[in-house]
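One letter stands for each residue in the lines below.
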Amino acid sequence: MSADVVAAILSAGLGGRWQLHALNASSFCATWRAQRASSNEVLFIKSTPAAQATMLQAEADGLATLAAAGGIRTPELAGCWSDAPADTAVLALQWLDLSTRQPTDFGARLGRHLAALHGAAPAIGDGRFGWSRDNWLGGTPQRNRWSRSGGVAGWIEFWAHERLGAMADRLAATGAAVELIAAVRRVMDSLPGFFDDGHVPRASLIHGDLWSGNWGCLHDGDPVLYDPAVAISDAEAELAMMELFGAPPAGFWPAYREAAGLHEGYARRRGLYQLYHLLNHALLFGGGYAAQAARLAAALLR
């Protein structure tokens, strides 16, 4: 898609003339820096073919939901449009000038703000797990059908069918190793044993894909989140993703624990939640992720 097409969609949606500079494209969308010709207003733009408009619409919905919940900052939403004749969908967001130097208390700020998000009462769901729409985890559709209940039973139902089971089905459809799929099914059957320590999952709004590439530091030192895959979930699933490809910044854990607490059984459930994201990486990128997922599933079954 051309810069002229994206600029025309911005002009139709926001008025004025826009100048676009191409940024690094991902495997899921093109990205742009857009500046209004008559001012210093700058936006961050994502664009996709119109057939993938739901990906951008789901992201816009997730950002709006996180912003409404408060607790932690997100880029402001300027608009989301789809132009079928031009075969282009566009998401326009506030341009964030991120700092490459984090203050010494950045980790603690991230911990407190994320605890506030997780502790806020979700506006929907009545204590159940799921979301009002499906969304996307990277380039993978993420299914979010509501659990029938809250508590341990509802969470096990949701994690088994909407997370591990849904991902196993997608992998099976691509011809993934039958041994991996069988191991995931056995982990699903073993889920009740991971909650025999008294942990009762509380329905919490989570970002849903919170690795270090999806949080940043603003120049005032505050954390900001972007690229969400929101759902009402157990907050432990969020924390586990933060530890999958690295670790939260120094100071995060004491601040988070002080504000929100953390059940002592989290450490043995962490791999359960990381398995979902490894399966997604196996689906998207193949390579060693399938083998890593198989090893994690085997460890969980032990």
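Residues numbered from 1 in each chain as written. Predicted model: local features only at pLDDT ≥ 70, side-chain atom pairs only at ≥ 80, totals over all residues. Heavy atoms only, no water.

Caption draft 1: Inspection of helix H3 (residues 106–119) at higher detail. If you check H3, its first and last C-alpha atoms are 20 Å apart, about what 14 residues at 1.5 Å a residue would give, namely 20 Å. Counting buried residues along H3, 10 of its 14 residues qualify, which places the element largely inside the surrounding structure. The complete set of buried residues in H3 reads Phe106, Gly107, Ala108, Arg109, Leu110, Gly111, Leu114, Ala115, Leu117 and His118. Each element contacted by the buried residues of H3 is listed here: helix H2 (53–69), strand E8 (204–206), strand E9 (215–217), strand E10 (223–225), helix H6 (235–242) and helix H7 (252–260). (Helix = DSSP H or I, 4+ residues; strand = E, 2+ residues; numbered from the N terminus. Expected span 1.5 Å × (residues − 1). Buried < 20%, exposed > 50% of the residue type's maximum accessible area, 1.4 Å probe, protein only. Contact = heavy atoms within 4.5 Å.)

Caption draft 2: Here's a closer look at the packing of H6 against helix H8 (residues 266–285). The N-to-C vectors of H6 and H8 enclose an angle of 75 degrees; their axes lie 8 Å apart at closest approach. With respect to H8, the element H6 is oriented roughly perpendicular. For the pair H6 and H8, contact is made by Glu236, Ala237, Leu239, Ala240 and Met241 and by Tyr266, Arg269, Arg270, Tyr273, Gln274 and His277, respectively. Class assignment of the residues belonging to the contact of H6 with H8 gives a composition of 6 nonpolar, 2 polar and 3 charged. (Axes fitted to C-alpha atoms, helices over the stretch in contact; angles between N-to-C directions. Parallel < 35°, antiparallel > 145°, perpendicular 65-115°, else oblique. Nonpolar A, V, L, I, M, F, W, Y, C, P; charged D, E, K, R; others polar.)

Caption draft 3: The pattern of salt bridges, seen in detail. Per the stated rule, a full pass over the model turns up 16 salt bridges. Put simply, Asp227 and Lys46 hold a salt bridge, and the shortest N to O gap is 2.6 Å. Residue Asp227 is located in the loop between E10 and strand E11 (231–233), and its partner Lys46 is located in strand E3 (residues 42–48); the two are separated by 181 residues in the primary sequence. A relative accessible area of 29% means that Asp227 is categorised as partly exposed. On the basis of relative accessible area, Lys46 is assigned to the buried category, the value being 9%. Of the charged contacts in the structure, one is a salt bridge between Arg143 and Glu162, with a shortest N-O distance of 3.1 Å. Note that Arg143 is positioned in the loop between strand E7 (140–142) and helix H4 (151–173) and Glu162 in helix H4, a separation of 19 residues in sequence. Looking at Glu162, the relative accessible area reads 5%, which means it is buried. (Salt bridge = Lys/Arg side-chain N within 4 Å of Asp/Glu carboxyl O.)

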